[in-house]
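One-letter residues, chain by chain:
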Amino acid sequence: MGEVTASSVRAAFDRRRAATASLADDAGAVALTCRAMARRFHAGGRLLTFGSGAAAADAAHLAVEFVHPVLVGKRALPALSLVNDPATLTAVLAAEGPDEVFAAPLRCLAVPGDIALGLSPDGNGADVERGLAVARARGLLTVALAGGDGGRLAGSADVDHLVVARSPDPAVVREIHVTVYHVLWELVHVFLDDPDSLGEGAA
Amino acid sequence: MSGLESLYPFLYPGSVDAGSGERVLAEVTTSTREKVAEIEAVRSRVAAEHAEGIARCARDVAASFAAGGRLVAFGNGGSSTDAQAVAACFTAPGAPGPALPAVALTADVAVLTALSNDVSFEVVFARPIAATGRPGDVAVALSTSGGSRNVLAGLAAARRVGMTTVGLAGGDGGAMAEPGTVDHLFVMPSSSVHRIQEAQTTVYQVLAELVRGALRAREH
């Protein structure tokens, strides 16, 4: 197994560069997403997060960022990951099938002022798509983090705010999503710290 | 007005009557760009400083799997979710290369709460490793500070068992950077917990990709 060399590591890191740089082009969309989420938090809404595979880990990560801020002095905000309860997940899987694993708990937990945030590395995760559709129908603000060309989520009327990591590699997409949700967490607080900046409307 | 300008007028300070809302939007946009530049810089430094070490680690981890070893990953908070992602990177179907046996110790809430309640939080990783670890297995520990006591105790238990140990840290590496603590150490050069986690994500995903790739090559 001598084929793994430092140059293969450097090549793998180089593959991250273009997609990371292109996130800077989407900074305006990220800022608008922060403001829309801040409006919901300001009005008492909660954040509900979901994704499958490694994105399930990201959904859990995103929730803990809001509930237990790493920066001292930032207030805790209400967030809940839908992926942490294997009893619920497997019950829905068995009874309603894999596409309903997020839609079903959302039907139980979500109220209209909440925020639904789904992560789908290719933008075509049917479970995330169904979750966002149920959320939108209930009046939640819907946020999607996707990758590649955005997949079906790119044209979806169920998605209020979409951020696309522009890489076909799901691993690279994940890394960009981690940066995006860290930024979402940190900069939501900039709006909340200055309620005048929230403007009119409920997003 | 250009297409981009009509979409995001707050990016063009002269084009709107900038109240507090537009001003904060513009600030947040700039801040987002700065954070993207930060992570790009951290990743570049990690590639420059650790390419050799990551390659060596990938060869060791691949050899462990080839000999029948398993991988366990652990960390606290956001790093606990990274531990789960580490396991998924090795087990997930669909990625190139064979699916490999890996588990996240943080996924077992029963064990975590039993040990926290009955013994102490410090042993939540050390005890399951002592109970199930075998010589030749791999332990992947994630701590942004390098100082989490339960993570360090998990590494110590893994070394006692004879496992290969991999540590991902940040800042100055903390106690994880002390000699004799870990076989393969990767310290992300940043003081931001967020940038550290983002760079760690790249390191473990590249590691998994190279390990699975090496074992696929070996199968053929």
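What counts as what
- Residues numbered from 1 in each chain as written.
- Chains lettered and ligands numbered in written order.
- Predicted model: local features only at pLDDT ≥ 70, side-chain atom pairs only at ≥ 80, totals over all residues.
- Helix = DSSP H or I, 4+ residues; strand = E, 2+ residues; numbered from the N terminus.
- Rg over C-alpha atoms; globule rule 2.2 N^0.38 Å.
- Contact = placed C-beta atoms within 7 Å.
- Axes fitted to C-alpha atoms, helices over the stretch in contact; angles between N-to-C directions.
- Parallel < 35°, antiparallel > 145°, perpendicular 65-115°, else oblique.
- Left-handed = near helix turned anticlockwise from the far one by under 90°.
- Nonpolar A, V, L, I, M, F, W, Y, C, P; charged D, E, K, R; others polar.
- Pairing = 2+ DSSP bridges.
- Core = buried A, V, L, I, M, F, W, Y, C linked by C-beta atoms within 7 Å.
- Buried ≥ 20, exposed ≤ 12 C-beta atoms within 10 Å, placed from the backbone.

Visitor: What's the story with the overall build of chain A in this structure? I'm lost.
Guide: Check the secondary structure of chain A and you find eight helices and five strands. Listed by position from the N terminus, the elements making up chain A come as α-α-α-β-α-β-α-α-β-α-β-β-α. Relative to a compact globule of 203 residues, whose C-alpha radius of gyration would be 17 Å, chain A shows 17 Å and is just as compact. Projected onto its principal axes, the C-alpha coordinates of chain A cover approximately 55 × 45 × 35 Å. Residue pairs in contact within chain A that sit at least 24 positions apart in sequence constitute 69% of those at least 6 positions apart.

Visitor: I would appreciate a short explanation of the packing of helix 3 (residues 27-42) of chain A against helix 2 (residues 20-66) of chain B in the present structure.
Guide: Two quantities define a packed helix pair, namely the angle between the helix axes and the distance between the axes. Axis separation between helix 3 of chain A and helix 2 of chain B bottoms out at 8 Å; the angle between their running directions is 125 degrees. When the axes of helix 3 of chain A and helix 2 of chain B are compared, the pair comes out oblique. You can see that helix 3 of chain A and helix 2 of chain B cross each other, and the crossing is right-handed. Of the residues in helix 2 of chain B, those in contact with Ala-27, Gly-28, Val-30, Ala-31, Cys-34 and Arg-35 of chain A of helix 3 of chain A are Leu-25, Val-28, Thr-29, Thr-32 and Arg-33 of chain B. When its residues are assigned to classes, the contact of helix 3 of chain A with helix 2 of chain B shows six nonpolar, three polar and two charged.

Visitor: I would appreciate a short explanation of the interface of chain A and chain B in the present structure.
Guide: Accessible area lost when the parts come together is the quantity often used to give the size of an interface. Facing 45 residues of chain A, the contacting portion of chain B comprises 48 residues. Elements that contribute at least two residues to the side of chain A that touches chain B include exactly helix 1 (6-14), helix 2 (17-25), helix 3, helix 4 (54-67) and helix 8 (170-192) of chain A. Of the residues forming the side of chain A that touches chain B, the biggest block, ten residues, is contributed by helix 8 of chain A. Its residues assigned to classes, the side of chain A that touches chain B shows 24 nonpolar, eleven polar and ten charged.

Visitor: Looking at this structure, how should I read the sheet that holds strand 3 (residues 115-120) of chain A?
Guide: The pairing of strands in a sheet comes from backbone hydrogen bonds and takes either a parallel or an antiparallel form. All names here are of chain A. Taken together, five strands build an open sheet; the order of strands is 2-1-3-4-5 and the sheet is parallel. The open sheet has two edge strands with one neighbour each: strand 2 (79-81) and strand 5 (161-165). The sheet shows a mean angle of 15 degrees between the axes of neighbouring strands, taken without regard to direction. When strand 4 (residues 141-147) meets strand 5, the two strands line up parallel, connected through five bridges.

Visitor: How do you make sense of the nonpolar core when you look at a structure like this?
Guide: A general tendency of soluble globular proteins is for nonpolar side chains to be buried together. Residues and elements named next belong to chain B. Grouped together as the largest cluster of nonpolar side chains are 138 residues, with contacts concentrated most on Ala-58 and Leu-207. Broken down by element, this core gets its largest block of residues, 17 residues, from helix 2. Once you skip the residues sitting within four places of it in the chain, Leu-207 turns out to touch Ile-54, Cys-57, Ala-58 and Val-61.

Visitor: Honestly, the packing of helix 2 of chain A against helix 8 of chain A in this entry has me stumped. Any pointers?
Guide: Residues and elements named next belong to chain A. Relative to each other, helix 2 and helix 8 sit at 35 degrees, their axes nearing to 10 Å. Of the two possible hands of crossing, helix 2 and helix 8 adopt the one that is right-handed. Mapping the contact onto sequence places Ala-19, Thr-20 and Leu-23 in helix 2 and Val-172, Ile-176 and Thr-179 in helix 8. For the contact of helix 2 with helix 8, the per-class residue count stands at four nonpolar, two polar and no charged.

Visitor: Please clarify how the pairing of strand 1 (residues 47-51) of chain A should be interpreted in this entry.
Guide: Side chains on a regular strand alternate between the two faces of the sheet. Residue and element names in this part refer to chain A. Burial runs high along strand 1: five of the five residues are buried. Every second residue of strand 1 is oriented toward a common face, with Leu-47, Thr-49 and Gly-51 on one face and Leu-48 and Phe-50 on the other, all of them buried. Here strand 1 runs beside strand 2; their pairing, made up of three bridges, is parallel. Bridge pairing links Thr-49 to Ser-81 in strand 2. In this sheet, strand 3 lies alongside strand 1 in parallel orientation, the contact comprising five bridges.

Visitor: When you look at the environment of Gly-53 of chain A in this model, what are you seeing that I'm missing?
Guide: Looking at the secondary structure, you find Gly-53 of chain A in the loop between strand 1 and helix 4. For the pair Gly-53 of chain A and Ser-8 of chain A, spaced 45 residues apart in sequence, the C-alpha to C-alpha distance is 26 Å. For Gly-53 of chain A, the contacting residues outside a window of four places in its chain are Ala-88 and Ala-92 of chain B.

Visitor: Please clarify how the sheet that holds strand 5 (residues 184-188) of chain B should be interpreted in this entry.
Guide: Residues and elements named next belong to chain B. With parallel pairing, five strands are arranged side by side in an open sheet as 2-1-3-4-5. Two strands lie at the open edges of the sheet, namely strand 2 (102-104) and strand 5, each paired on one side alone. Across this sheet, the average inter-strand angle for adjacent strands is 15 degrees, counted without regard to direction. Bridge count between strand 4 (residues 164-170) and strand 5: five bridges; the pairing is parallel. The residue bridging Gly-170 from the neighbouring strand is Met-188, located in strand 5. Along the sheet, helix 6 (residues 149-161) contacts strand 1 (71-75), strand 3 (138-142) and strand 4; its crossing angle with strand 3, the most-contacted strand, is approximately 165 degrees.

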